[in-house]
Each structure stands twice: as C-alpha cells, then as structure tokens.
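Structural characterization, general
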Amino acid sequence: MCNRQSSIVNRQSYSSFSAESIKEGLRTRWLGKGLIRCYETIDSTNIEAKRLAHAGVPEGTIVLAESQSKGRGRMERTWVSPRGGGIYLSVVLRPGILPGEVQKLTFVAAVALAFTLRRFGIAPQIKWPNDILVNGKKVAGILMELTAGTGPVDFVIVGIGINVNTSTDEFPLSIRNLVTSINIVADRPVQRREIIKILLLQLELWYERFLTESFETVLEAWRQLSNTLGERVMVILSNTKLEGVAEALDADGSLMVREDKGKLHKVIVGDVVHCRPL
Ligand code: BTN
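All of these numbers come straight from a predicted model, not from anything done at the bench. (Residues numbered from 1 in each chain as written. Predicted model: local features only at pLDDT ≥ 70, side-chain atom pairs only at ≥ 80, totals over all residues. Heavy atoms only, no water.)

As for the overall build of the chain
Which entries qualify depends on this criterion: Under the scheme used here, helices are H or I runs from DSSP no shorter than 4 residues and strands are E runs no shorter than 2 residues, and both carry numbers assigned from the N terminus. Only protein chains enter the accessibility calculation, which uses a 1.4 Å probe; a residue whose area is less than 20% of its type maximum is buried, one above 50% is exposed, and one in between is partly exposed. Only heavy atoms enter the contact rule, under which two residues are in contact if any of them lie within 4.5 Å. All accessible-area figures derive from a Shrake-Rupley calculation using a 1.4 Å probe, and residue coverage is judged against the displayed protein chains alone.
Scanning the chain from terminus to terminus reveals seven helices and 12 strands. Each principal axis of the C-alpha atoms in the chain carries an extent, and together these give about 55 × 50 × 30 Å. By residue count, 52% of the 278 residues in the chain fall in the buried class. In the chain, of all internal contacts separated by at least 6 residues, the share reaching a separation of at least 24 is 66%. A total accessible area of about 12600 Å² is found for the chain, and carbon and sulfur atoms account for 51% of it.

Shown next, in the form of structure tokens:
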C-alpha cells in the first residue's frame, strides 16, 4: 500500500493527453471521433464545453484537461483537480430532449461510469443519483449542465471527474476520509487514457440505449449498482432535511423516501447521506 501511495504522487511517468492518443484504438462509433480539445490547465472543462456548444460544435465533442482551476461539483461544490491527478472530462451531447428529461442523463452517465470501472477489477456502487463509490468512498462524480429554454435543449454538457492518481492528502481534510482514487483500489496500475477509452465506449452505448430503447433499461442497471436503495438515509434538501428509508426509484429517477411515520416523499434533487456506515 505504501509503495502504491507514493507512486500515486510521483506523476512524472504520466504523460499528457492528446487527441491522437485518445483516438488511437478508440472503439466508439461517433463519441470522441470528432473534436477532442485537450488543455494543460483550464478553469473548468464544463465551462469550456459550454462555450464550444454555444459556438455550434457537434454532438460527441470532448474537452479534457490535465488540471482545472475552477473544477465544479454538484451543489456548488469545488471538484479537486490537481495536475495529472484525475480525469477531468466533459462531453457535448445534443439529445433533443426537454429540460425536464435531462436529469435522466445523469443516470446514463453513472451507469456508464460504473461499468467502466468494473473493467479494471473495481466493484463500484452508485449513491443516488450519481456518485460513484468504491468501498463506500467517492471515486468519481458527474455534473450535468444545460441552457434551458422552453423547447428541447440545444445541448447538454456531461462533466465527469474521476480520481485516478490523486493521493488522499491532496483533498481538504474535511473530505479526506470520504474519497479514494482508482490507483488505490484497482488491482493493477491504470493509465488514465485506458479509462477514458472505455468510458467513451460505455457512454456511447448507454446513451444510445436511453435514446432508442428506454430509460427503464438504464434504471434497471442503475438499481443493480445502487448502494442507496433499501438504506436508511438523510436527504439534505434546499431548505430542510428528510430522514427515512430509500425505498425505490420512481420512473423518472427520483428517489422515493419513506419517513418513519409512513409518509412517502419523492426527492427530485437533493444530497443523500447514508445513516448507517457502509
Ligand atoms: C460531483 O460533485 O460529484 C460532480 C463532479 C464533477 C466534476 C467534473 S470534472 C470535469 C467537469 N468539469 C467540472 O468543472 N466539473 C466536472
């Protein structure tokens, strides 16, 4: 473990990304086959992907960075993005769905991400809606962004952050025991490029299943990977808290939480804390 940890912080051997290196051997049909923008450092790959989307880049455009100065997480949090520590990737999608449907894509991305990590001998679980955990610690997260009007969305940005080589002492003390990295939990050293290629393939697969089959197909896979369903949870809502048992997923991906007094609540957006240590 000691050797593993020290090799994580020594990143000399980790090469920078290039569009060519990502495309080499990439087995997708369209995702990542066009424009891939790679940056040494950027404010946020999501912000850059949005700029590009507004400028009209096609679906499947990818933005990648070695580090982010303003990496963003869900609920206005910061996403720790040290140079070479992780994968900071954003994808431009143009699904032509209504703004109210966009939340479904977070489930698509979570399932794709979980299946990706399984390819590296890791057993991930998903905490509702889309935190990827290994051994109860967060290893990856997803941030969706869109510009909503009244009709179908022009684009959706799917931002994915994965801790790959990040050593836990690079995280703020407050979250250090809640996070982990691929190269701590994988059974062999993993190159970020390898993960990206599988991730793009899985993302393309699950996105197409969502568009051409049904959202229920995605939810079925999500349920198999969930560590939230059946658990006692505390849900932090915008101005209150709710405690109960996470009983089910609704057809739109909302979490159905039953309070002890019996009332069933439908949670569309919120932050879930598991009450029992995992
Ligand atoms: C979360 O809070 O779990 C979501 C984290 C998402 C982080 C990724 S890193 C790439 C993309 N750019 C950002 O600024 N955020 C997302």
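Some remarks on the sheet that holds strand 11 (residues 264-267)
The condition is simple: By the convention used here, strands pair only if DSSP detects at least 2 bridges between them. The convention used is that axes are lines fitted to C-alpha atoms, helices contributing only their stretch in contact, and that angles between N-to-C directions extend from 0 to 180 degrees.
With respect to topology, five strands assemble into an open sheet ordered 11-10-9-8-12, the strand pairing being antiparallel. Each end of this open sheet is capped by a strand with a single partner; those strands are strand 11 and strand 12 (271-274). Taken over all neighbouring pairs, the strand axes of this sheet differ in orientation by 45° on average, direction set aside. Relative to strand 9 (residues 241-249), strand 8 (residues 232-236) is paired through five bridges, and the arrangement is antiparallel. By the bridge assignment, R232 is partnered in strand 9 with V245.

Some thoughts on the side chain of K197
Turning to its location among the elements, K197 is positioned in helix 6 (residues 192-212). Those residues in contact with K197, other than ones at most four positions away along the chain, are S21, I22, E24 and L26.

Considering the domain arrangement of the chain
Rule in force here: These domain limits were set by an automatic method or by a database of domain assignments. Take the accessible area each of two parts loses on contact, using a 1.4 Å probe, and add the two losses: that sum is the buried area. Any Lys or Arg side-chain nitrogen located within 4 Å of an Asp or Glu carboxyl oxygen qualifies as a salt bridge. Counted as a polar contact is a pair of N or O atoms within 3.5 Å, where, for protein atoms, one must be capable of donating a hydrogen and the other of accepting one, and residues adjacent in sequence contribute only when both atoms are in side chains. Each residue is assigned to one of three groups, with Ala, Val, Leu, Ile, Met, Phe, Trp, Tyr, Cys and Pro labelled nonpolar, Asp, Glu, Lys and Arg labelled charged, and all others, Gly among them, labelled polar.
Under the domain assignment used here, the chain contains domain 1 (4-225) and domain 2 (232-274). A C-alpha centroid distance of 25 Å is found between domain 1 and domain 2. Of the residues lining the interface, 12 residues belong to domain 1; the matching set on domain 2 comes to 14 residues. Of the roughly 1100 Å² buried between domain 1 and domain 2 on both sides combined, carbon and sulfur atoms contribute 59%. Ranking the residues of domain 1 by area buried against domain 2 places M75, K127 and W128 at the top, with a combined share of 52%. On the surface where domain 1 and domain 2 come into contact, there are two salt bridges. With a shortest N-O distance of 2.1 Å, D271 and R77 are connected by a salt bridge. Joining domain 1 to domain 2, the criterion identifies four residue pairs in polar contact (both at pLDDT 80 or more). Every element with two or more residues in the side of domain 1 that touches domain 2 is listed here: helix 4 (104-118) and helix 7 (215-225). If you tally residues by element for the side of domain 1 that touches domain 2, the top one is helix 7, at four residues. Residue classes in the side of domain 1 that touches domain 2 are distributed as six nonpolar, one polar and five charged.

Description of the sheet that holds strand 7 (residues 156-163)
As summarised here, the arrangement of the seven strands in space is 1-2-3-7-6-5-4, forming an open sheet in which the pairing is mixed. Whereas interior strands pair on both sides, the edge strands pair on one side only; in this sheet they are strand 1 (36-42) and strand 4 (125-127). When strand polarity is set aside, the average angle formed by the axes of neighbouring strands in this sheet is 20°. In the sheet, strand 2 (residues 62-68) pairs with strand 3 (residues 86-93) via four bridges, with the strands oriented antiparallel. Bridge pairing in strand 3 places I62 opposite V91. Here helix 4 sits on the sheet in contact with strand 4, strand 5 (131-134), strand 6 (137-146) and strand 7, set at roughly 145° to strand 6.

What about the packing of helix 4 against helix 7?
The condition is simple: Each angle is binned into one of four classes, with values under 35 degrees roughly parallel, values over 145 roughly antiparallel, values of 65 to 115 roughly perpendicular, and all other values oblique. For any helix crossing, the convention is left-handed if the near helix is rotated counterclockwise from the far helix by under a right angle, and right-handed if that rotation is clockwise.
Viewed as axis vectors pointing N to C, helix 4 and helix 7 meet at an angle of 50°, and their least axial separation amounts to 9 Å. One way to sum up the angle between helix 4 and helix 7 is to call them oblique. Our pair here, helix 4 against helix 7, has a crossing hand that is left-handed. On the side of helix 4, the interface is formed by K104, F107, V108, A110, V111, A114, F115 and R118, while helix 7 contributes F215, V218, L219, A221, W222 and L225.

Quick notes on helix 3 (residues 45-54)
This is how the line gets drawn: By definition, the arc is the one covered by directions from the helix axis to the C-beta atoms.
Where helix 3 is concerned, the buried positions are T45, N46, E48, A49, L52 and A53. Burial along helix 3 is one-sided: seen end-on, the buried residues are contained in an arc of 160°. Looking at the buried positions of helix 3, the neighbouring elements they touch are strand 1, strand 2, strand 3, strand 6 and strand 7. Downstream of helix 3 by one or two residues, G56 has phi in the positive range, about 100°.

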